[in-house]
Structure formats: structure tokens, C-alpha cells
There are 2 protein chains.
Amino acid sequence: MSACAPVEPTGSLLLAWQVSQQTVLLIGAGTVAASRLYHLVCANPRKVIIVAPDNDQVDPEIRYRLENPSPGTELEWIKRPYREHQDLDDLLPKDSKDGLGMVLVATDDATLSSRICTECRHRRIPVNVADVPPECDFYFGSVLRRGALSVMVSTNGKGPRLAARLRRRIEKSIPEGAGLAIDKVGKLRAALRVKEPAKDPETIERRMQWMIRVSDLWSVDQLARMDDAMRQAVLAGWESDMALGYWDVVRSRSLADRFGYLAHMVARLVTGQANGSCPVDRDPDGNPFKCPFLVGMTGFVAGLATASSIAAVIALRYSQLVHASTVAR
Amino acid sequence: MSACAPVEPTGSLLLAWQVSQQTVLLIGAGTVAASRLYHLVCANPRKVIIVAPDNDQVDPEIRYRLENPSPGTELEWIKRPYREHQDLDDLLPKDSKDGLGMVLVATDDATLSSRICTECRHRRIPVNVADVPPECDFYFGSVLRRGALSVMVSTNGKGPRLAARLRRRIEKSIPEGAGLAIDKVGKLRAALRVKEPAKDPETIERRMQWMIRVSDLWSVDQLARMDDAMRQAVLAGWESDMALGYWDVVRSRSLADRFGYLAHMVARLVTGQANGSCPVDRDPDGNPFKCPFLVGMTGFVAGLATASSIAAVIALRYSQLVHASTVAR
């Protein structure tokens, strides 16, 4: 069994925590607390309770989020310092049966932070004290979000600056429409389940394989552009077990689309691939303007044309000279 | 405050969970359980207890991991089915004061899974039942690991296939040595703290700014190659507040390094940048072979050379003809 992946000791278990039914306690309202609050509201918890005095150290982003709450998440600001041995038990909404989901501490008071951590661990409530690794049951990473898509870069606390730099690299490598593409794939899968609702293992397997074949034909940006008509056209291929790509079903023929279609056909001819875009860097999401083959060939043709023009001018000039000297002789 | 980032409702809170002090219970030993076990051993928990009968449905990877345990994580396999109302309380090591950290359920028995979930939620133990979102307090995503670096792609359960595809794209965009680079940055920071241990806010700020300036000068691959001598040379710049890059301190002069240095100097001349590698796609980690400017220019020069050669041959041939006809006349 040497085929098993070797253990990479990252030291962290990366998880997508579901907080939609949870109440989260955030202690503090400075810059770090504002960053925590942003992480939270994107994850859409039931309620966030902020405990912090209302003074000039409150980050403006905290005030902004409180004034512009996002649907589905209740925000409450208790404008006073944290009360030890009371708040963890008292602050929970009366109708909550599950207790506090987690506690995030982001204050300057290191002694108080430590004591809050102890209180939480006593009650088995997961806790994070900003900048104090031993008092964290979990760390936050550098996160990139696009719709339903989220990507976290974690260095297990070793290099936050490098984590942010890698996140920016990753940001460039993820197509603009990735979030939308995920929604569209979800819609296609749901529509297929309506069209073919059978639950026997064979149909489930066939459905999964067809979804894989179809989605692998589409680039992320193409998936993001899949409208209702295109989805219907793709679904029409199900009975005959045909997987249709973007160029097989696209109806709108804008100038950009026509050019894309032309490029698609040329690439298909050159590479012999059904869905080729760049023969060097084969994948449906490849950017043709960064394909070394296309860029290099364009340069080659440009060089060819330039040198030919110069040669033609010289040849013309030379033949005129020869002609002139012949006539003169 | 329109400068605040808009809320991206991803629906999940991505966290790097610290399990080094935890005991985790894994119920099941099939393919999904094997994947869960791999996630776990990379995160290095104190102990993993697997509960599953020893039959031919046990994934070979599970047996492999049990035979090749990684240091720091104890693995125990209890070879029988899960016992309701008993195992959650009985299986915990006697010396553990914290209870079970989490429970992962990966069995085919949907009814049993549901009941395990209820038992866990009763005890406030975080639980994940594979493929049953409502019975999950957290999801697993598609994870890429390199040393201390880990990147999770989560689509909040909407498109696992697309998540894996995006993870592969991300994999290509992250330099080989990223994991090592993180370790090296950690070492540099630690060495700086030894050299300048002062804890006054001003020194802390100056130390942070210097680290940022230095690390931004180095590509990820260069950081990965930072050895002890290079680290010392970089640290020597601290007193004079100088940030030194890879080419300022590199001692080894292998052929590849000499070529790299040449390319670095040419890029510096062309772009006027201290650390330029590609004027189109400016960043220290840019791959010069994918730089559209360099590739296009290479093609242009190649085209120029080709056409010039052809022109020269034609010109030579033509002048011979002209010469011959002149002599003949």
C-alpha cells in the first residue's frame, strides 16, 4: 500500500463550520473584532452578540455592520465590558437550546482574555483568543470568498503575511465566475434529479457519471454563463447519454461569442481535442492570452512579417539599383 | 463607510481546528472513513479511535495507516459495530479530562448514523455524518497540503467536483516550495526576535515592518532555499535597516543560479524594478516561462531570424543570378 498519500503534518484540521443555528459571542470591538465579525456575517450565524464598551476604539466597520445587518443574522451590541462568571450563562437567548456556539475574544486585556478562555473550556464552548495560540481551539486563516465558493489559506499560524500573499496568487488563478459557476452546477444537478428521480444505485451512478462528463466539458466561466435555455439544451442530452459542452448549446451569438467560437474551432483543429484551448496548458479554464503556444506563435508570425517586409523593401530597392546600373551600362 | 467589504454569504465559517489535545471518534472503516482518517492524521490529534467490524469492506488505506502510525497520534481500532448509548461515554481514555473532541460517522447505516448524531448533539460533541448535511456541524472540503501550508476549497456542499477542479488549479498556482518557505520565514522571524528581543511597541512595529519588507523581496521558491548562511546575511541588514533580497545574499553559484541571476539583472534593467521578473505579470513568484512578454519577444526574435535567413538566401541567389546574367551579357 505504498500508493497511500504520505501524511503532511499541517497540524490543523481545516473545516467548514456550519453556524446557521448558532449564537456566537464576540468580545471586543476593535480592528481584530471587526475582521472576526466579517468572517462571521459571511457564514450567516443565527445571532452574533458583541460585548464591548461604546468608546472611540470601536472600529467603524463594526458600526457599519450593525447599521447594515445581513438577512438571517441578528446582531446585538451590549455596550459595556465583559462580566466574568455571568455573561457566558446570561447572554444566551432564552429560546436557544444549544448554548453558545463559540466565543471569539479580541480585547487588549491579556489577563481577562485568559480568564474568559478558562471559563469557555470549563463549559466546553470552543474559544479563540486573538494572537494567543495556546488559548485557541481554532485559528482563522486568510480567506477568499466568491459566492458559495470559499478558499482558506492556513499556515498554522507560522506565516500570516505569506498566507495573504498566497491567497492573492490563488485569487488570480480562480476564474471571475467561480461562485456563479458553483450555483449553476447546483441548479443543473437539481434539474437532473427532477427529470430522472429514480433512486436505485444504478441510476444514481449513471447520473453522477453524466454530471461529471458534462461539467468537465465546461470551463468555469462558461458554467457561470449557463442560462435556463442552455440548461434545458444540456438536459436534452441525458436520454441519449450525450454530454454537451458550451459551444454545442450556446444560443446568444454576440461578437465576443462569435470570436470565442472561432477560437474554439481553431483550437479544436490544431489540438484535435474536443475542448482544447491551449495545447501546452490543457484545461477548459485556460486563459488563451497566457497560453505560451498562442503567444509564442503570434510573436513568430509578427517577426516573420516584419523581417519579410524589410527584406521586400531591400529587394525592391536592390533590383531598382541593378536595373538602373544595367540600363546605364 | 462604503469601504467595508460586502458580505459574501458563503454559509460556512472556515476554521483551522486545533486537535492536538483531542481524541476523535471515527465510526466506519470504508472509503469515506479512510479519507476522514487521512484528514485527521495530517492534523495530528492526540488519539483516533476507529469503531468498525473487521471485514472485507475495510479500506486497505485504513489498515495501512494503522500499521504505519505517524508520530504523536495514537490510533486504536475497536473491531466491532458501534454500541448505542455506551460507546460515547465508555471509549474515552481514562486520563482525558476534555471528552471527545469530535465524532465522524461514515457508515452505510443511515438510521444508526442519525441516532449517533442525536447522541452527540445531546452531549454537545461536534459531529459530521458523511453525505447528510443536516446531520453535520461541519463539512470537510477539498484540501491541498504542503508542509505547514494547507488550503481548503469549500463550495458549502454545492459542487464537490468543481471544488476538486479548483483545488487542482490552485495547486498549479502555488509554488513547489511554499511549505518550506513558510518554515523558513518562521525561522527568520524567530532569529530576528533573538537578535532584537525588545518588547516595546516601537521595536515590535519596526520588526514587523522589516520582516514585511524582506519577505516581499523574496519569491516563495527563493524563501524555500534560504539556508543558515543566507539567513545570517539577511539579518546583518537589520541594524542599518536594509532589506536584502535573494540575489543580494545568495552564495552558491550553480549554473542555474548564474542563469537566474542573469535573468534577474536583465529583468531589473528592462523593468526598472528591484525585483522584476515579468513586466506584464509583476510578482516575485511569477514564472518567467509563462511571462507573455518574454515568450512573445522570444517568438518575435525567432520569427525575425527565420525571415532574415530566408531573405538572405533569396538575396544571395538573386545577386548570383543577376551577376551571372550581367557576365553573360
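Nothing here was measured: the structure is a model prediction, and the numbers come from that model. Sequence order as written defines the numbering, with residues in each chain counted from 1. Each chain takes a letter, starting from A, and each ligand takes a number, starting from 1, following the order in which they are written. In keeping with the predicted nature of the model, local features appear solely for residues at pLDDT of at least 70, side-chain atom pairs appear and are counted solely at 80 or more, and the whole-chain, interface and lining totals rest on all residues. Computation of side-chain values covers all heavy atoms of the structure but excludes hydrogens and water.

This part takes up helix α7 (residues 201–217) of chain A. Between its first and last C-alpha, α7 of chain A extends 25 Å over 17 residues, near the 24 Å set by a 1.5 Å rise per residue. Burial in α7 of chain A covers these residues: T203, R207, W210, M211, V214 and S215 of chain A. The arc that holds every buried residue of α7 of chain A, seen down its axis, measures 120°, which confines them to one face. For α7 of chain A, the exposed residues lying more than 90 degrees away from the buried face are P201 and E202 of chain A. We call two residues in contact when some of their heavy atoms are within 4.5 Å. Secondary structure follows DSSP: runs of H or I at least 4 residues long count as helices, runs of E at least 2 residues long count as strands, and numbering of each begins at the N terminus. Its buried side turned inward, α7 of chain A meets α6 (178–195) and α9 (228–235) of chain A together with α5 (160–173) of chain B. Expected span of a helix, by definition, is 1.5 Å for each gap between consecutive residues, and there is one gap fewer than residues. Think of it in three bands: residues with accessible area under 20% of the maximum for their type are buried, residues over 50% are exposed, and the middle band is partly exposed, with areas taken using a 1.4 Å probe on protein chains only. It is the directions from the helix axis to the C-beta atoms whose arc is reported.

As a further point, take empty space enclosed by the protein. Only protein atoms enter the 1 Å grid used here. Points where a 1.4 Å probe fits but cannot escape make up a cavity, open sets with protein on both sides within 12 Å along at least five of seven lines make up a pocket, and a residue lines them when an atom lies within 4 Å of a point. Grid points are joined across faces, edges and corners, and a volume is the space filled by probe spheres set on the points. Applying the stated criterion across every chain, the model contains three cavities of 30 Å³ or more. Residue lining of the largest cavity: H39, C42, A43, V143 and R145 of chain A together with T10, S12, L13 and L14 of chain B, and that is the complete set. If you list the elements that add at least two residues to the lining of the largest cavity, you get α1 (31–43) and β8 (142–146) of chain A together with β1 (13–17) of chain B. Each residue gets one label: Ala, Val, Leu, Ile, Met, Phe, Trp, Tyr, Cys and Pro are nonpolar, Asp, Glu, Lys and Arg are charged, and the others, such as Gly, are polar. The residue makeup of the lining of the largest cavity, split by class, is five nonpolar, three polar and one charged. Each pocket or cavity is described by its volume, and for the second largest cavity that value is around 40 Å³. As for the second largest cavity, its lining consists of T10, S12, L13 and L14 of chain A together with H39, V143, R145 and S150 of chain B. Broken down by secondary-structure element, the contributors of at least two residues to the lining of the second largest cavity are β1 (13–17) of chain A together with β8 (142–146) of chain B. Tallied by class, the residues present in the lining of the second largest cavity amount to three nonpolar, four polar and one charged.

Let us now look at helix α1 (residues 31–43) of chain B. Residues and elements named next belong to chain B. Counted at 1.5 Å a residue, the expected span for α1 with its 13 residues is 18 Å, and the 19 Å between its end C-alpha atoms agrees. Among the 13 residues of α1, 10 are classified as buried, and the element is accordingly described as predominantly covered. Buried within α1 we find A33, A34, R36, L37, Y38, H39, L40, V41, C42 and A43. Looking one or two places after α1, you find N44, whose phi comes out positive at around 60°.

Turning next to the relation of the copies chain A and chain B. At an RMSD of 0.2 Å, chain A and chain B line up after a rotation of 180° and a shift of 0.0 Å along the axis. Such values leave the two copies arranged in the relation of a two-fold axis. Interface residue correspondence from chain A to chain B reaches 100%, placing this contact among same-surface, isologous pairings. Residues reaching a pLDDT of at least 70 in both copies supply the C-alpha atoms on which the copies are superposed by least squares.

With that out of the way, let us pick up the pattern of salt bridges. Any carboxyl oxygen of Asp or Glu within 4 Å of a side-chain nitrogen of Lys or Arg constitutes a salt bridge here. A full pass over the atoms with the stated rule returns 32 salt bridges over all chains. Its salt-bridge partner being R161 of chain A, residue D216 of chain B comes within 2.6 Å of it at the nearest N-O pair. Taken together, the positions of D216 of chain B in helix α7 (residues 201–217) and R161 of chain A in helix α5 (residues 160–173) put the pair across two chains. D216 of chain B is the partner of R165 of chain A in a salt bridge, and the nearest nitrogen-oxygen pair spans 3.9 Å. Pair noted here: R165 of chain A is in helix α5 and D216 of chain B is in helix α7, and the two residues belong to different chains. Linked through salt bridges whose partners overlap, the residues forming this network are K47, E74 and E76 of chain A.

Here we take up the interface of chain A and chain B. Contact residues are listed per partner, giving 103 residues for chain A and 104 residues for chain B. When two components associate, each loses some accessible surface as probed by a 1.4 Å sphere; the sum of these losses over both components is called the buried area. When the buried surface of chain A facing chain B is broken down by residue, L13, W17 and R165 of chain A rank first, second and third, together holding 9% of it. The interface formed by chain A and chain B holds four salt bridges in total. Contacts described as polar in this section are N or O atom pairs within 3.5 Å, which, within protein, must combine one atom able to donate a hydrogen with one able to accept it, while residues neighboring in sequence count only if both atoms come from side chains. Across the chain A-chain B interface, the total number found is 33 residue pairs in polar contact (both at pLDDT 80 or more). Per element, the largest residue contribution to the side of chain A that touches chain B is 16 residues, and it comes from helix α12 (residues 292–328) of chain A. Taken together, the residues of the side of chain A that touches chain B break down into 57 nonpolar, 25 polar and 21 charged. When strand β7 (residues 138–139) of chain A meets β1 of chain B, the two strands line up antiparallel, connected through two bridges. Bridge assignment links F138 of chain A to a residue of β1 of chain B, and that residue is W17 of chain B. When DSSP finds at least two bridges between two strands, those strands are taken to pair.

What follows is about the UniProt feature "domain: Siroheme biosynthesis protein Met8 C-terminal" (unreviewed entry) in chain A. UniProt records the feature "domain: Siroheme biosynthesis protein Met8 C-terminal" (unreviewed entry) for residues 175–242 of chain A in the present numbering. Along residues 175–242 of chain A the backbone is 71% helical and 0% strand, and the end-to-end C-alpha distance reaches 27 Å. UniProt positions are given in the numbering used here, feature names are shortened, and annotations may be inferred rather than shown by experiment.

Residues and elements named next belong to chain B. Taken in spatial order, the five strands of this open sheet run β4-β3-β2-β5-β6, and their pairing is parallel. Edge positions in the open sheet fall to β4 (74–78) and β6 (127–129), since each of these has one partner strand only. The sheet shows a mean angle of 15° between the axes of neighbouring strands, direction not considered. Pairing between strand β2 (residues 23–27) and strand β5 (residues 100–105): five bridges, direction parallel. When the bridges of β5 are listed, I27 appears paired with V105. The convention used is that axes are lines fitted to C-alpha atoms, helices contributing only their stretch in contact, and that angles between N-to-C directions extend from 0 to 180 degrees.

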